[in-house]
Amino acid sequence: MKALIAAVILALGLPALAQEAKPRESGSEPLAINYEKYKLKNGLEVILSVDRKLPIVSVNIWYHVGAYHETPGRTGFAHLFEHMMFQGSKNVADDVHIAMLEQLGATDLNGTTNFDRTNYFETVPSNHLETALWLESDRMGFLLDAITEEKLRTQQEVVKNERRQGTEAAPYGVAREKMWHALFPLPHPYHGDVIGSMEDLNAATMDDVKSFFRKWYAPSNATLTIVGDFDVAQTKALVEKYFGGLPSGPKPERPQVAPVKLTRETVIRHDETIATLPMLTLAWHSPEYLTEGDATADVLATVLATGKASRLYRRLVLEKQIAQSVEASQQSIGAQSVFTIEVVARPGVSTEALQKEVDAVLAEVRKNGITQEELTRARTRYDTRMLSGLQSIGGFGGKADVLQNYNHFVGEPNYVAKDLARYQVVSTDDVKRYANEQLRPDARVVLHAVPAQQAPAAPKENK
């Protein structure tokens, strides 16, 4: 497998990822991202990684707060606040943050929220690094000086519209939300997903915004990562200049939430009003990100539904011709992950027929496991996807994001080799054991989303 990684690195042109050329000691890591990590007096973590392939720099900030850190009645608040951070700060006029960066030639410019963190990032020409740092520091330190009731109300409407488009008016959107609620009942912080509910979005107040900012957006709860073509000494001086004087408090504690356990099958029957084809979804709780079993779940999802040779695609789409599409995924999250199989039926096919075939495929895996060829193919897909992403210094899955991700979850930015190694040690027996222990029929949510005119008479929900 190490030979495979080396071959992919060579093919993708990733010299900046390798350590200095010298004989590698037995057992040493085959892949590394060189970096320096330190902390300012106010608690801000800083990660620097020089990459001189192009005269550009990625600035990437992670605030260690997401939907997991929300309280009941304030779902969707982390995502709402992500929007507020683009509305102007003490020294930056309203709604010009993005425009200023674009005028400098910035790319990969965005902000995102998930269950575990909120991030903001941009890639700029190297000579504009100082401007990017100034913009990020101004909204980190002086956002409250510019927040108004009008800005809050505007962004509430923007996020509510996002929810309408992504949930209420999206094919299967409401159905998927019902399934998610069944997986994570209140008061679990995952219940509202990342987007939250309309009621909670409407309830947000200026006091909520200010207290949220003071608690979670302090330097002590943030990590600044800079990757690209820059002078280390000059960059350290700029970081100290723009961030060193920002006040901070103690790092907030991560909430402690007990994992959810399903003890019987939960069946949801939803009258679908947007999509025109029935959809079947099976969902189980699974091991959290980077813990034992997480990589095994990734492998199984790939074997089941990635590519035309995958088991579910071959059986349901090619052989039986009863499915329009099929997907399987391990949604790896920090507190508790979700393993999902989602199948959209062809016209005239019921979700019950789909479930019969899906369960038959799962029964085969539980009884006989997977082949070594399937395991190798799954490993190769993951390695290639990871290494391909590392060609970029910024954006989703780029080097700055990878450093941030590993630093957030394991405290070690250069964890990429250990991450890849997780897949190398997964065995066919591991996958078989996972299918038997984790994907049990009595520990899952089954969603039948059927267009109203096609739905048979049946109870709406059976919990």
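Computed from a predicted model, the values in this text were never measured in an experiment. (Residues numbered from 1 in each chain as written. Predicted model: local features only at pLDDT ≥ 70, side-chain atom pairs only at ≥ 80, totals over all residues. Heavy atoms only, no water.)

### Quick word on the overall build of the chain
If you tally the helices and strands in the chain, you get 16 helices and twelve strands. Against the compact-globule benchmark of 23 Å for 463 residues, the chain has a radius of gyration of 24 Å, which places it among compact chains. If one aligns the C-alpha atoms of the chain with their principal axes, the spans along those axes are about 65 × 60 × 40 Å. Within the chain, the proportion of its 463 residues that are buried is 53%. Taking contacts inside the chain between residues at least 6 apart in sequence as the whole, the part at least 24 apart equals 81%. For the chain, the accessible surface area stands at approximately 20100 Å², while carbon and sulfur atoms represent 51% of it. (Helix = DSSP H or I, 4+ residues; strand = E, 2+ residues; numbered from the N terminus. Rg over C-alpha atoms; globule rule 2.2 N^0.38 Å. Buried < 20%, exposed > 50% of the residue type's maximum accessible area, 1.4 Å probe, protein only. Contact = heavy atoms within 4.5 Å. Areas by Shrake-Rupley, 256 points an atom, 1.4 Å probe, with all protein chains shown as cover.)

### So, the sheet that holds strand 5 (residues 118–125)
Overall, mixed pairing links the six strands, which are arranged 1-2-6-3-5-4 in an open sheet. Looking along the sheet, the strands with just one partner apiece sit at the ends: strand 1 (36–39) and strand 4 (107–113). Neighbour-to-neighbour, the strand axes of the sheet open up by a mean angle of 15°, direction not taken into account. Sheet analysis places strand 3 (residues 56–63) next to strand 6 (residues 222–228), joined by seven bridges and oriented antiparallel. Note on strand 6: the bridge partner recorded for V59 is I226. Each of strand 3, strand 5 and strand 6 touches helix 4 (residues 129–142); the most contacted strand, strand 3, lies at about 15° to it. (Pairing = 2+ DSSP bridges. Axes fitted to C-alpha atoms, helices over the stretch in contact; angles between N-to-C directions.)

### A closer look at the nonpolar core
Ranked by size, the top nonpolar core spans 58 residues in total, and within it V299, L300, L304, F339, I341, L354 and V358 carry the most contacts. The element best represented in this core is helix 10 (residues 294–305), accounting for eight residues. (Core = buried A, V, L, I, M, F, W, Y, C linked by side-chain atoms within 4.5 Å.)

### As for the confidence of the model for the chain
Confidence along the chain averages 90 in pLDDT terms, with 91% of residues attaining 70 or more. Throughout residues 1–29 the model reports pLDDT below 50, and contacts reaching past four residues in sequence, or to other chains, amount to 39 contacts. (pLDDT = per-residue confidence, 0-100.)

### Digging into the pattern of salt bridges
A pair can form between side chains of opposite charge whenever their charged atoms are brought close. All told, the structure shown has 26 salt bridges when counted by the stated rule. Notably, a salt bridge pairs R315 with E357, separated by 2.9 Å at the nearest N-O pair. Linking R315 in helix 11 (residues 311–319) with E357 in helix 12 (residues 351–368), this pair joins segments that are 42 residues apart in sequence. (Salt bridge = Lys/Arg side-chain N within 4 Å of Asp/Glu carboxyl O.)

### Some thoughts on the packing of helix 2 (residues 77–84) against helix 8 (residues 206–216)
Here helix 2 crosses helix 8 at 90°, and the two axes come no closer than 11 Å. As far as their axial angle goes, helix 8 and helix 2 are roughly perpendicular. From helix 2, F77, A78 and F81 reach across to helix 8, where they touch D208, V209, F212 and F213. Here the residues of the contact of helix 2 with helix 8 are counted per class, giving six nonpolar, no polar and one charged. (Parallel < 35°, antiparallel > 145°, perpendicular 65-115°, else oblique. Nonpolar A, V, L, I, M, F, W, Y, C, P; charged D, E, K, R; others polar.)

### Re the environment of N119
Secondary-structure assignment places N119 in strand 5. Using a relative accessible area of 0% as the deciding quantity, one classes N119 as buried. On a C-alpha basis, the gap between N119 and Y63 in space is 6.1 Å, while along the polypeptide they are 56 residues apart. Setting aside residues up to four positions removed in sequence, N119 forms contacts with I61, W62, N110, G111, T112 and D401. Separated by 2.4 Å, the side chains of N119 and T112 make a polar contact. Only 3.5 Å separates the side chain of N119 from the side chain of D401, close enough to count as a polar contact. (Polar contact = N/O pair within 3.5 Å; in protein donor to acceptor, adjacent residues only side chain to side chain.)

### What about the pairing of strand 8 (residues 279–286)?
Burial within strand 8 is extensive, with eight of its eight residues counted as buried. A two-sided burial pattern is seen for strand 8, the buried positions comprising M279, T281, A283 and H285 on one face and L280, L282, W284 and S286 on the other. Where strand 8 meets strand 10 (residues 337–345), eight bridges bridge the pair, whose relative direction is antiparallel. By the bridge assignment for strand 10, S286 is matched with S337.

### Description of the packing of helix 5 (residues 149–168) against helix 6 (residues 173–183)
Across the interface, helix 5 lies against helix 6 with an axial gap of 7 Å and an inter-helix angle of 90°. Relative to helix 6, the element helix 5 lies roughly perpendicular. Contact residues: R163, G166, T167 and E168 in helix 5; G173, V174 and E177 in helix 6. Its residues assigned to classes, the contact of helix 5 with helix 6 comprises one nonpolar, three polar and three charged.

### Structural notes on helix 12
Given a rise of 1.5 Å per residue, 18 residues ought to cover 26 Å, and the 26 Å separating the end C-alpha atoms of helix 12 matches this to within 8%. For helix 12, the set of buried residues is T351, L354, Q355, E357, V358, V361, L362, V365 and R366. Just downstream of helix 12 lies G369, where phi reads positive at about 75°. (Expected span 1.5 Å × (residues − 1).)

### Let's talk about helix 16 (residues 428–437)
Along helix 16, the positions that sit buried rather than exposed are V431, Y434 and A435. Buried residues in helix 16, looked at end-on, bunch into an arc of 95°, giving them a common side. Looking at the packing, one finds that the buried side of helix 16 touches strand 8, helix 10, strand 9 (323–331), strand 10 and helix 12. (Arc of directions from axis to C-beta.)

### What about the packing of aromatic side chains?
Geometry of an aromatic ring pair is reported as the spacing of the ring centres plus the angle between the planes. Taken as a whole and judged by the stated rule, the model has 21 aromatic pairs. Taken together, a centroid distance of 6.2 Å and an interplanar angle of 55° make the contact between F339 and Y434 tilted. Placement of the pair is F339 in strand 10 and Y434 in helix 16, with a sequence separation of 95 residues. Joined through ring pairs, the aromatic side chains of Y63, F77, F81, F86, Y120, F212, F213 and Y217 make up one cluster. Stacked on the ring of F86, the Lys or Arg R139 has its end atom at 4.7 Å from the ring centre. (Phe/Tyr/Trp six-rings, centres within 6.5 Å; stacked < 30°, edge-to-face > 60°. Lys NZ or Arg CZ within 6 Å of the ring centre and 35° of its normal.)

### Description of the side chain of N221
Note that N221 resides in the loop between helix 8 and strand 6. Here the side chain of N221 touches K251 through a polar contact of 3.0 Å, side chain to side chain. Beyond its immediate sequence surroundings of up to four residues, N221 is in contact with W62, Y63, H64, V65, W216, K251 and P252.

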